[in-house]
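# Summary of the model geometry
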Amino acid sequence: MKSKLLISLLLMAFVASCRAQNQVEITTAPQGTNAFEDSSVQFSCEAQKTGGDDSLDIVWVKSAGGSVTPIDDSTDSRFTFATTLTAGAAKSNFSIDDLRVGDTGSYKCYASNDPTRGSNPVSEPTKWQTAQANLNVYAKVAINQTADVNITQIGPLELGCQVSAPGGDLTVDSVTWTRNGVEMKDYGNTEQPNYFLKNNLASGSDGGVYTCTVTFNVQSGGTVTDSRDITVYAFPRITSHFRKSVKYQEGETVTLKCIAEGYPTPTVKWVKDSEELTNMSSRMSLFMDDDGAANLRITDLEMGDRATYTCSAENSIGSATLDVLLRVKDRLAALWPFLGILVEVILLVAIIFYFEKRKSDDDADDEDDDDDAPVKKKSNSATNEKGVEKDESDVRLRNVNA
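In what follows, the accompanying structure is described. (Residues numbered from 1 in each chain as written. Predicted model: local features only at pLDDT ≥ 70, side-chain atom pairs only at ≥ 80, totals over all residues. Heavy atoms only, no water.)

Moving on: the sheet that holds strand 3 (residues 41–49). Ordered in space as 1-3-7-6, the 4 strands form an open sheet in which the pairing is antiparallel. Both outer strands of the open sheet, strand 1 (24–28) and strand 6 (79–86), are each paired with one neighbouring strand and no more. The average angle at which neighbouring strand axes cross in this sheet is 20°, direction not considered. Relative to strand 7 (residues 89–96), strand 6 runs antiparallel, the two being bridged by 8 bridges. Of the residues in strand 7, the one forming a bridge with Ala-82 is Asn-93. (Pairing = 2+ DSSP bridges. Helix = DSSP H or I, 4+ residues; strand = E, 2+ residues; numbered from the N terminus. Axes fitted to C-alpha atoms, helices over the stretch in contact; angles between N-to-C directions.)

Think of a ball as big as a water molecule: rolled over the atoms, this probe shows where empty space is left. Put simply, the largest pocket is a space of about 190 Å³. Forming the walls of the largest pocket are 14 residues, and the residues nearest its centre are Ala-260, Glu-261, Gly-262, Thr-265 and Pro-266. Here the element with the most residues in the lining of the largest pocket is strand 21 (residues 260–263); it accounts for 4 residues. Class assignment for the residues of the lining of the largest pocket results in 5 nonpolar, 6 polar and 3 charged. (1 Å grid on protein atoms, 1.4 Å probe; cavity = no way out; pocket = protein on both sides within 12 Å on 5 of 7 lines; lining within 4 Å. Points joined across faces, edges and corners; volume = space filled by probe spheres on them. Nonpolar A, V, L, I, M, F, W, Y, C, P; charged D, E, K, R; others polar.)

Examined against the element boundaries, Thr-211 turns out to sit in strand 17 (residues 208–218). Within the structure, Thr-211 has its side chain in polar contact with the side chain of Asp-229 (distance 2.7 Å). In this structure, Thr-211 is in contact with Thr-176, Trp-177, Thr-178, Ser-227, Arg-228 and Asp-229, ignoring residues within four places of it in sequence. (Polar contact = N/O pair within 3.5 Å; in protein donor to acceptor, adjacent residues only side chain to side chain. Contact = heavy atoms within 4.5 Å.)

Where nonpolar side chains cluster on the molecular surface, the patch consists of Val-343, Leu-347, Ile-351, Tyr-354 and Phe-355 and spans about 510 Å² of accessible area. The topology assignment puts Tyr-354 in helix 2 (residues 335–372). For Tyr-354, a relative accessible area of 47% gives the class partly exposed. (Patch = residues over 30% accessible without salt bridge, like charges linked within 9 Å, V, L, I, M, F, W, Y side chains within 5 Å. Areas by Shrake-Rupley, 256 points an atom, 1.4 Å probe, with all protein chains shown as cover. Salt bridge = Lys/Arg side-chain N within 4 Å of Asp/Glu carboxyl O. Buried < 20%, exposed > 50% of the residue type's maximum accessible area, 1.4 Å probe, protein only.)

Glancing now at the state of the cysteines. The full count for this structure, using the stated rule, is 3 disulfides. Two residues share a disulfide in this structure: Cys-45 and Cys-109, whose sulfurs sit 1.8 Å from each other. Between Cys-45 and Cys-109, the S-S torsion sits near -65°, and that sign places the bridge as left-handed. In this pair, Cys-45 sits in strand 3 while Cys-109 sits in strand 8 (residues 105–112), placing the two residues 64 residues apart along the sequence. The partner cysteine of Cys-161 in its disulfide is Cys-212, sulfur to sulfur 2.3 Å. Note that Cys-161 is positioned in strand 12 (residues 155–163) and Cys-212 in strand 17, a separation of 51 residues in sequence. Overall, the relative accessible area of 1% leaves Cys-161 in the buried class. By sequence order of its bonded cysteines, the protein has the disulfide arrangement 1-2, 3-4, 5-6. (Disulfide = S-S within 2.5 Å.)

Looking at chain direction, strand 2 (residues 33–36) and strand 9 (residues 129–138) are connected through 4 bridges and run parallel. Bridged to Ala-35 within strand 9 is Val-137. Sheet topology note: the strand 8/strand 9 ladder contains 7 bridges and is antiparallel. Counterpart to Lys-108 in the pairing with strand 9 is Gln-132.

This next bit is on the pattern of salt bridges. Applying the stated rule across the entire model yields 12 salt bridges. Taking the shortest distance from any N to any O, the salt bridge between Asp-226 and Arg-228 comes out at 3.2 Å. The pair formed by Asp-226 and Arg-228 is uniform in burial state, with each residue classed as buried. Linking Arg-283 and Asp-305 is a salt bridge whose minimum nitrogen-to-oxygen distance equals 2.9 Å. Here Asp-305 lies in the loop between strand 25 (294–298) and strand 26 (307–315) and Arg-283 lies in the loop between strand 23 (275–276) and strand 24 (284–288), a separation of 22 residues in the sequence. Taking relative accessible area as the criterion, Asp-305 reaches 3% and is therefore assigned buried.

Attention now goes to the sheet that holds strand 27 (residues 318–329). Here we have 5 strands laid out as an open sheet, ordered 19-27-26-22-23, and mixed in their pairing. Lying at the two open borders of the sheet, with one neighbouring strand each, are strand 19 (245–249) and strand 23. Two elements, strand 26 and strand 27, share 9 bridges in a ladder whose sense is antiparallel. What sits directly across from Ala-307, in strand 27, is Leu-326.

For Asp-103, the position within the fold is in the loop between strand 7 and strand 8. Polar contacts involving the side chain of Asp-103 include one to the main-chain amide nitrogen of Arg-100, which spans 2.8 Å. Apart from the residues lying within four places of it in its own chain, the contact partners of Asp-103 are Lys-62, Arg-78, Ile-96, Asp-98, Leu-135 and Val-137.

Tallied over the full model, the rule gives 10 aromatic pairs. Between Phe-79 and Phe-94, the ring centres sit 5.4 Å apart and the planes meet at 90°, which makes this aromatic pair edge-to-face. Of the two residues, Phe-79 sits in strand 6 while Phe-94 sits in strand 7, which places them 15 residues apart along the sequence. By relative accessible area, Phe-94 is classed as buried at 0%. Pairwise contacts between aromatic rings join Phe-43, Trp-60, Phe-79, Phe-81, Phe-94 and Tyr-107 into one cluster. (Phe/Tyr/Trp six-rings, centres within 6.5 Å; stacked < 30°, edge-to-face > 60°.)

Have a look at this one:
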């Protein structure tokens with residue numbers, strides 16, 4: 001009996017010892033990094049259970065200068081922890097804001113599901129799985145950037161970052177420029193200590209937040225970056241090209257499109273005869289395109305729609321306007337020239353007919369007068385003279401015969 005009892009106790013102890021083992025695997029380890037003071041960093045650690053039924057726990061420990069200390073939300077107001085638990089797994093994110101040089105050190109992620117574990121993994125290293133990330137925090141290097149500027153007209157724009165010699169373990173590796181997060185080509189000087197970005201034809205579309213990012217090589221390995229922002233404000237500029245007046249026919253549909261650029265992005269609106277168009281009629285609508293253009297559409301044009309329409313663009317530093325005269329033609333406008341020509345032709349034909357008719361009547365009257373008139377003396381005289389001449393000839397002939 002005693003032997004059986006002893007065997008049972010030994011089996012129970014073995015099972016308990018097996019259950020007490022840490023059955024956890026770290027699947028994502030935190031990554032070491034370099035950073036400048038006043039910036040922020042975040043470490044992530046993920047672990048998964050490989051056995052056991054007990055809950056999974058993740059804690060963080062800082063090791064620096066021979067001191068090893070567990071850390072949590074109460075350790076420093078700059079520390080933030082966020083842990084997510086799922087079935088058989090856990091993820092913990094640890095962030096440090098407003099970094100200081102004194103935050104340099106090793107940060108370890110401990111994970112365990114050992115039911116006999118305590119709250120301090122440093123004193124029970126065999127009951128925890130661990131992964132480490134090294135953090136190096138450097139004093140900021142002086143970077144003097146160009147002050148914020150305004151673009152009032154198309155012309156050259158030059159922005160600069162002057163980088164002081166970093167010294168110590170740091171050397172300048174490269175300088176890059178972005179505008180609103182989009183990398184830009186550097187047209188300027190790229191030699192230390194002055195780094196410039198040049199644009200010879202800057203306009204309203206070139207406004208935005210420019211960021212000069214300096215990358216430093218760290219002698220012990222890796223890199224560290226720092227950046228400066230420069231805000232370039234741009235007065236609104238209307239890029240739509242309108243004729244001073246446009247002509248449409250009554251009943252047609254017209255769409256006036258206004259595109260403006262600037263920074264901050266200007267607000268675009270339409271004004272009719274100095275009055276902003278807000279309460280649209282059933283024939284008039286205002287809509288925006290994906291490119292930010294403001295479109296004024298008028299359907300079934302009427303003669304009363306004839307007016308001066310103004311596109312107005314405005315932001316916090318200025319405004320711009322552009323006028324267009326909308327002229328509305330009558331539906332029969334195209335017929336008026338033809339009708340005018342037709343009337344002229346009819347009048348001309350009538351006048352010609354009238355004068356031709358009058359001339360014909362005058363000629364007929366002249367012929368009637370000639371028929372009724374007596375024989376002219378001149379004609380009779382001529383006849384008599386001929387007759388006399390004939391008689392004289394006869395007399396001479398008789399004389400000869402005699």
